[in-house]
Every structure is written in structure tokens, then in C-alpha cells.
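Remarks on the overall topology
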Number of protein chains: 2
Amino acid sequence: MKLHNYFRSSTSFRARIALNLKGLDYDYVSYHLRHGEQRSEKYLSVNPQGLVPALELDDGKVIAQSMAILEYLDEAFPEPALLPKDPFDRALVRSLCYAIACDIHPINNLRVLKYLGDPLGHDAEEVATWFRHWVTVEFDSLEPRLAETSGKYCVGDTVTMADICLVPQVINNTRFEVDMSRYPTINRIFDTCMALDAFDKAKPGNQPDAE
Amino acid sequence: MKLHNYFRSSTSFRARIALNLKGLDYDYVSYHLRHGEQRSEKYLSVNPQGLVPALELDDGKVIAQSMAILEYLDEAFPEPALLPKDPFDRALVRSLCYAIACDIHPINNLRVLKYLGDPLGHDAEEVATWFRHWVTVEFDSLEPRLAETSGKYCVGDTVTMADICLVPQVINNTRFEVDMSRYPTINRIFDTCMALDAFDKAKPGNQPDAE
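In what follows, the accompanying structure is described. Residue positions are given per chain, counted from 1 along the sequence in the order it is written. Whichever chain is written first becomes A and whichever ligand is written first becomes 1, with later ones labelled in order. Given that the model is predicted, a residue must reach a pLDDT of at least 70 before its local features are reported, and side-chain atom pairs must reach 80 or more before they are shown or counted; all residues, however, enter totals for whole chains, interfaces and linings. No hydrogens and no water enter the side-chain calculation; it runs on all heavy atoms of the structure.

Of the regular secondary structure elements, chain A holds 9 helices and 4 strands. The secondary structure listing takes helices from DSSP runs of H or I that are at least 4 residues long and strands from runs of E that are at least 2 residues long, numbered from the N terminus. In sequence order, chain A lays out its α and β elements as β-α-β-α-β-β-α-α-α-α-α-α-α. In terms of principal-axis extent, the alpha carbons of chain A reach across some 45 × 45 × 30 Å. We call a residue buried when its accessible area falls under 20% of the maximum for its residue type, exposed when it is over 50%, and partly exposed in between, using a 1.4 Å probe and counting protein chains only. Counting only residues that meet the buried cut, chain A has 61% of its 211 residues in that class. Any two residues having at least one pair of non-hydrogen atoms within 4.5 Å are treated as being in contact. A separation threshold of at least 6 residues defines the contact pool for chain A, and within that pool the share at least 24 residues apart is 66%. All accessibility values rest on the Shrake-Rupley procedure with a 1.4 Å probe; residue burial counts only the protein chains present in the view. Carbon together with sulfur atoms contributes 50% to the accessible area of chain A, which is approximately 8,300 Å² in total. Charge counting follows a simple rule: Lys and Arg are positive, Asp and Glu are negative, and His as well as the terminal groups are ignored. Where a charge sits is defined by one atom per residue type, namely NZ (Lys), CZ (Arg), CG (Asp) or CD (Glu). For chain A, the separation between the mean place of its 22 positive charges and that of its 31 negative charges on side chains is 2 Å.

Have a look at this one:
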């Protein structure tokens, strides 16, 4: 398999964690987002949506969208499972995922932050305030939820997709100085995850295209 | 079951379509988003994230996030299936879903549009331009993808989650005068879906709280 991705992209980070947890080898193909390489003809022929990550399977088929990649990996390579077995528990994990994957990340994605600058004319401090606003709104409700659902990880004592979504968001937050002192449960889960090889190997600083 | 929702919310619309397709009865509980009822104490005790929809099961458990609701309904009530059987085909459907559910809807959600107005000071025309921009970027790549994957519906001749995400977005677009003449495949799929009772009954204008 090939993972088309970028070291700093938090959705790419999700895919890397899942691949590592499943013990799957993959080729790392990098696209520099700030240079617009994800909109190059070469990449659009792989993924016409022009966003990273995309997972290219050995038969040449391509899966776009990090959450679709996580679900695919869990269906095609069931062990270790990234979702619990019970349908309600699965829904709980997914609802935590989407609180980040839908309600924080896309609003704070690079292309949106760029649009706030040009054409909308906001300066770096206004953009950072925007970023922190959407994180804070969601983390303020995530923190007490996770205090209830978590054991060692977001839901109980097993790593799930929720952890795979949470950790890259926490790392993203450091770039905009989000006040993380308000989120002791999130910080604890983050530390527990980052002690695992699968998370540590996947982090931006450990990728071949890291700057 | 109870669906906590709002007639105009396109994520609520997704949940209503899925419930109808599965032939499930539910109680309709409405929260007026423009009046902020989704942030009331009453609703926060149901869904601490303060967003609609949320599905309350008969045992009182609550599932937040429309995409988690769709996946839950498909697991708990398998017929008719909202996803194909093959793992790659499932990933394809999900990737189409997330192109809307992650990459369009959250950026154009009411709370984001409100924030553009206050505190960011943009007027209604700038907000509408924002809305159209994010729809257009994504629909421009969705259209040729759907031209390849679609039969009667987004993927082949069976309704899937992709249709459930697409139709409410198309209806949302009408409120901001998105130029839909560029998307013949999307328009065709939309018309085919809306001819089904499950979609028609779920549309905003047919809900008890419609204005």
C-alpha cells in the first residue's frame, strides 16, 4: 500500500496511526501542502478531491478521506479492532471521532485558514483566534464526556478510532497555543497514546518530509 | 426512538432519511437553532455537544452526530443496507459522504456563518460567497466522480449513505443560490432520490416545525 500524505496534516497522521496499529507496511508519498502539491495534476489523478491523505491499495484502487480509510482498515484487517463490538459502543466512539473530524478539523483546515487571510483579509492573530475558538467550543464539551467514557483511552482501556482522531488534534493545537490546561482528561489520554509506538512513529516530527 | 432535531438542519435531514429508509418510527423533538435552543440546559442534558441531531434510543441512550447515527442504524437494523458489502465499495461510499459531511457542511454550518458575521464583521453577501465557495470547490470534484460511480444513485443502483449526505446538501445550496447548472449528474441523482417517499417525507418543508 501507498499512503499519499503530508507530515503535518492531522488527517494523514490519523491514517498513519491506524496503519501502524494494524501492523501494516506502506510506502510514504509526500505532497507539500503549503506549496499546493495536493492540487498538482499528478495527485489529482490519484485523488480528484485534491486533499490528503489517500490510501492506494496494492491493486491500484484509491481510498480518499481519512475516516473512510480508518473504517476500511478496520474492516479489511480486523485485528486489533479500532471499534468496539456493540453497536451502541461503536456509535459512541464514532460520535467522539466526528466531534473532531467534522466539527473541529475541517473548519480549522489549512485551506480555510488561508481563505480567512485571502480574500477575507484577516491577520494572523484573527486566524489564530478563529482556530482556538472552534477547538475550545468542542474540547469544552469533549473533556467532561471523556471524563465519563475513558479508561486509559477515550473509551475504556482499548485504543479506538476516537484516540486516533484526538491525538492529532491535540498536536495541531500546539501550533496555535490553545490553552490545554483546561483539559486534564484529554491531556492524560494524549500522553497514554503517545507512549505507544504506533502513535509515536506516526507523529509529524518522525516523518521523512518533516521540516 | 426520539430524534432531537430541527427541520432545516441538513444533518437532521440525513438522520430522518435513514430512519425512513429503515422503516423505523420515531418521535420528532424540535429545537429552534436560530433561537439557540440547542444550547439550552434541557438539550445539553441530552447531548452535551449542543448540536442536532441526536437519536435517543428506547433505553434512553443517546447517539450524537448524524454520521454515527447512520452507521448505527445500518448496524442495528441491517435491512435495507445503506452501505455495500465489499470493503472497498463501502470505503468509496464513505469517502463520498465525508467529502460533504466533513469538507462542506461543517464549514458552512449556521454557527460558522454566524461567526463570520459577528465577531468577524462580514456582511450577508460575503457570507453567501463563503458558502458558495466551499460547495463549489467540492461539487466540482464530486460531479465527475459521481458521473463514474453512479447508476440511478451515487454508487450504482442502490441508495446508500452517499445519497443521504448529498440530497440535504443540495437543498441547503438553494438557500445561497449555488449555480447548480454545472452539476447534471448531481441534479439527476437528487431528482431520483426525491422521488422516493423516504426522502420526500424527510425534507425540511414536510416537518412539523417547518416555517
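After that view, the rundown keeps rolling.
What follows concerns the side chain of Thr 160 of chain A. For Thr 160 of chain A, the position within the fold is in the loop between helix 6 (124-149) and helix 7 (161-174). Non-local contacts of Thr 160 of chain A, meaning those with residues more than four positions away in its chain, are made with Leu 82, Pro 84 and Val 93 of chain A.

Here we take up the pairing of strand 1 (residues 2-5) of chain A. Residues and elements named next belong to chain A. Following DSSP output, two strands are said to pair if at least two bridges run between them. Pairing geometry for strand 1 and strand 2 (residues 27-30), over 4 bridges, is parallel. Pairing of Leu 3 across the sheet is with Tyr 28, part of strand 2. As paired strands, strand 1 and strand 3 (residues 54-56) are joined by 3 bridges and run antiparallel to one another. Paired with His 4 across the two strands is Ala 54, which belongs to strand 3.

Strands pair in a sheet through their backbones, by hydrogen bonds, and they do so in one of two ways: parallel or antiparallel. Residues and elements named next belong to chain A. What the 4 strands build is an open sheet, ordered 2-1-3-4; its pairing is mixed. If you trace the sheet from one side to the other, it starts and ends with strand 2 and strand 4 (62-64), each paired once. Neighbour-to-neighbour, the strand axes of the sheet open up by a mean angle of 20°, direction not taken into account. Think of each axis as a best-fit line through the C-alpha atoms, taken over the contacting stretch in the case of a helix, with angles from 0 to 180 degrees between the N-to-C directions.

On to the packing of aromatic side chains. Only Phe, Tyr and Trp rings take part, Trp by its six-membered ring, and two of them pair if their centres are within 6.5 Å. Stacked means planes under 30 degrees apart, edge-to-face means over 60, and tilted covers everything else. Tallied over the entire structure, the rule returns 16 aromatic pairs over all chains. With 5.4 Å between their ring centres and 55° between their planes, Tyr 115 of chain A and Trp 134 of chain B make a pair best called tilted. Of this pair, Tyr 115 of chain A sits in helix 5 (residues 110-117) while Trp 134 of chain B sits in helix 6 (residues 124-149), each in a different chain. Like Tyr 115 of chain A, the residue Trp 134 of chain B is buried in the burial classification. Seen in terms of ring centroids, Trp 130 of chain B and Trp 134 of chain B are 5.7 Å apart; in terms of plane orientation they differ by 75°. Their pairing is edge-to-face. Here Trp 130 of chain B pairs with Trp 134 of chain B, and both are found in helix 6, just 4 residues apart, close to one helical turn. Judged on exposure class, the residue Trp 130 of chain B and its partner Trp 134 of chain B are both buried. Here the aromatic cluster, defined as three or more aromatic residues joined through ring pairs, consists of Tyr 115, Trp 130 and Trp 134 of chain A together with Tyr 115, Trp 130 and Trp 134 of chain B.

Looking now at the sheet that holds strand 2 (residues 27-30) of chain B. Residue and element names in this part refer to chain B. Reading across the sheet, the 4 strands line up as 2-1-3-4 and stay open at both edges, with mixed pairing between neighbours. Of all the strands in the sheet, just strand 2 and strand 4 (62-64) have a single pairing partner and so form its edges. Here the average twist between neighbouring strands, direction ignored, is 20°. Along the sheet face, helix 3 (residues 66-76) touches strand 3 (54-56) and strand 4 and points at about 125° away from the line of strand 4.

A separate point is a negative patch on the surface. Residue and element names in this part refer to chain A. Taken together, the side chains of Asp 25, Asp 27, Asp 58 and Asp 59 make up a negatively charged region of the molecular surface. Summarising the element assignment, Asp 58 is placed in the loop between strand 3 and strand 4. We classify Asp 58 as exposed; its relative accessible area is 71%. Patch building starts from residues that exceed 30% relative accessible area and form no salt bridge, then joins like charges within 9 Å and nonpolar side chains (Val, Leu, Ile, Met, Phe, Trp, Tyr) within 5 Å. The salt bridge criterion pairs a side-chain nitrogen of Lys or Arg with a carboxyl oxygen of Asp or Glu, the two atoms within 4 Å.

Peptide bonds are trans in most cases, and residues, glycine excluded, mostly fall at negative phi. The omega torsion across Val 52 of chain B and Pro 53 of chain B is 0°, close enough to zero to call that bond cis. Of note, Pro 53 of chain B is situated in the loop between helix 2 (41-46) and strand 3.

What follows covers the interface of chain B and chain A. Contact with chain B, which involves 41 residues of that partner, is made by 41 residues of chain A. Where chain B abuts chain A, roughly 4,000 Å² becomes buried across the two surfaces, and 66% of that area is made up of carbon and sulfur atoms. What gets called buried area is simply the loss in accessible area from a 1.4 Å probe that two parts show on being joined, summed for both. The largest share of the area that chain B buries against chain A comes from Phe 88, Arg 111 and Tyr 115 of chain B, three residues that together contribute 16% of it. Salt-bridge contacts for Glu 138 of chain A lead to Arg 111 of chain B; the nearest nitrogen and oxygen are separated by 2.7 Å. Pairs of N or O atoms within 3.5 Å make up the polar contacts considered here, provided that, within protein, one atom can donate a hydrogen while the other can accept it, and that residues adjacent in sequence are counted only when both atoms are side-chain atoms. Seen at the junction of chain B and chain A, the total is 16 residue pairs in polar contact (both at pLDDT 80 or more).

Least-squares fitting of chain B to chain A yields an RMSD of 0.0 Å, with the transformation described by 0.0 Å of translation along the axis and a rotation of 180°. Given the turn and translation reported, the copies of this chain are related as if by a two-fold rotation axis. Of the interface residues in chain B, 100% have counterparts in chain A that sit at the interface too, so the contact is made through matching surfaces. Superposition of the copies was done by least squares, using only C-alpha atoms of residues whose pLDDT is at least 70 in both.

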